[in-house]
Amino acid sequence: MSAPAHAQNDAPLRLIVPYAPGGSSDRAARIVADKLTARLGAPVVVENKTGAGGRLAMQQSRGLPASQNVLVLANPATMVVAPLVFKDNGYDPDRDFRPVSQVSDYEFGVAVSTAVPVKEIGHLLAWLRANPEQANFGVPATGSLPHFFALMTGERAQIKAQVVGYRGSGPLLTDLIGGQIPVAFDTFDTLLPQHEAGKLRILGSSGARRSPFAAGVPTFRESGLDLVASGWNAFFAPASMPAARVASLGRAIREVMQEQDTRRKFHDARMVPVASSPEQTAAMLKAYRAQWAPVVQKSGYQP
């Protein structure tokens, strides 16, 4: 039996997740870690480093020496939003990190309480215009991507909405199901289980096409609002990591993401799997920043 093609050394590869266990970022990292261990011929361990909305892990990872075998699973909150809204962010996403590979993307959804008498986005907008006191959009956190997507939706629909930030998706869904807030924006995978249980109604998804996990839910574009938006998870390396090692790890992750079993596990976790090179990941980040930076800056959001 030959040695794994991508083995570089016997040191464990640490995958740093800037969020608590159990979320979509953590699930993605653990699926990849399980597959990479066999492919690299060395242990791959996931470490959760929480704090400051993900910025703490980025700050602690930015200055690691080249001898450290570390990747960080980042997302738009850490690589796009935080550098725009924090004057002293503690890291520069372009200077301090190298793209390695994107592994997933996800959509946003808008959902209503079952007490709200609408079943389509067009009906929702008409209802909000007729009942402006109900134009309160709940989001899992201020400064989150759902927050800015809610602002985009209100602006495009010409509805003056108040965005209400929660301390996570759990409290947001509790209030939505209980009727304390009429409308919520969150990631599609977060809303879907409660939608399937009949406890809330998802009216639309933000993807360019319908979600593979809920083909019966139309996109915003199908519903008359020309909005397409998504989020993602991608691995980045500290800038000190040699380019050859970045390329090797990117290749290994890309091969893992192309395996049918990996793709099945991502689908089971209601995530869309992606396999991209470091160059493709860098291009994705550049395009994403061009789309979202004007939205974040126009919002005037300050932490």
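This text follows the structure it describes.
Residues numbered from 1 in each chain as written. Predicted model: local features only at pLDDT ≥ 70, side-chain atom pairs only at ≥ 80, totals over all residues. Heavy atoms only, no water.

1. Some thoughts on the overall build of the chain
Phase 1 of the analysis: In terms of helices and strands, the chain carries ten helices and ten strands.
Phase 2 of the analysis: For 303 residues, the compact-globule estimate of 2.2 N^0.38 gives 19 Å, and the chain sits close to it at 20 Å.
Phase 3 of the analysis: Dimensions of the chain along its principal axes, counting C-alpha atoms only, are 65 × 40 × 30 Å.
Phase 4 of the analysis: Taken over 303 residues, the chain has a buried fraction of 50%. (Helix = DSSP H or I, 4+ residues; strand = E, 2+ residues; numbered from the N terminus. Rg over C-alpha atoms; globule rule 2.2 N^0.38 Å. Buried < 20%, exposed > 50% of the residue type's maximum accessible area, 1.4 Å probe, protein only.)

2. Looking at the packing of aromatic side chains
Phase 1 of the analysis: Under the counting rule described, the total for this entry stands at eleven aromatic pairs.
Phase 2 of the analysis: Plain terms: the ring middles of Y91 and F97 are 6.2 Å apart, the flat faces sit at 85 degrees to each other, and that makes the pair edge-to-face.
Phase 3 of the analysis: When the ring of F149 is compared with that of F220, the centres are 5.1 Å apart and the planes differ by 80 degrees; the resulting orientation is edge-to-face. Of this pair, F149 sits in helix α5 (residues 145-157) while F220 sits in the loop between β8 (200-205) and β9 (230-238), placing them 71 residues apart in sequence. You'll find F149 and F220 in the same group, each marked buried.
Phase 4 of the analysis: Positioned above the aromatic ring of F86, the side-chain terminus of R55 is 3.7 Å from the ring centre. (Phe/Tyr/Trp six-rings, centres within 6.5 Å; stacked < 30°, edge-to-face > 60°. Lys NZ or Arg CZ within 6 Å of the ring centre and 35° of its normal.)

3. Points about the side chain of S25
Phase 1 of the analysis: Along the chain, S25 falls in helix α1 (residues 24-40).
Phase 2 of the analysis: Judged by relative accessible area, S25 falls into the buried class, the value being 6%.
Phase 3 of the analysis: In this structure, S25 is in contact with V17, Y19, L73, N75 and N233, ignoring residues within four places of it in sequence. (Contact = heavy atoms within 4.5 Å.)

4. Details of the packing of α5 against helix α10 (residues 278-299)
Phase 1 of the analysis: Between α5 and α10, the shortest axis-to-axis distance is 10 Å and the interhelical angle comes to 75 degrees. Our classification of the angle between α5 and α10 gives roughly perpendicular. Contacts from L145, F148, F149, L151, M152 and E155 in α5 reach Y288, W292, V295, V296, K298 and S299 in α10.
Phase 2 of the analysis: Residues of the contact of α5 with α10, tallied by class, amount to nine nonpolar, one polar and two charged. (Axes fitted to C-alpha atoms, helices over the stretch in contact; angles between N-to-C directions. Parallel < 35°, antiparallel > 145°, perpendicular 65-115°, else oblique. Nonpolar A, V, L, I, M, F, W, Y, C, P; charged D, E, K, R; others polar.)

5. A closer look at the nonpolar core
Phase 1 of the analysis: In terms of nonpolar packing, the biggest core is built from 53 residues, with L124, F149, F185, W232 and W292 touching the most fellow members.
Phase 2 of the analysis: In contact with W292, other than residues within four places in its own chain, are V80, F108, L145, F148, F149, M152, A229 and S230.
Phase 3 of the analysis: Counting 28 residues, the second-largest nonpolar core is a separate cluster that includes A28, L40, V44 and M271. (Core = buried A, V, L, I, M, F, W, Y, C linked by side-chain atoms within 4.5 Å.)

6. Brief notes about the side chain of S277
Phase 1 of the analysis: Its place among the elements puts S277 in the loop between β10 (272-273) and α10.
Phase 2 of the analysis: On the basis of relative accessible area, S277 is assigned to the buried category, the value being 11%.

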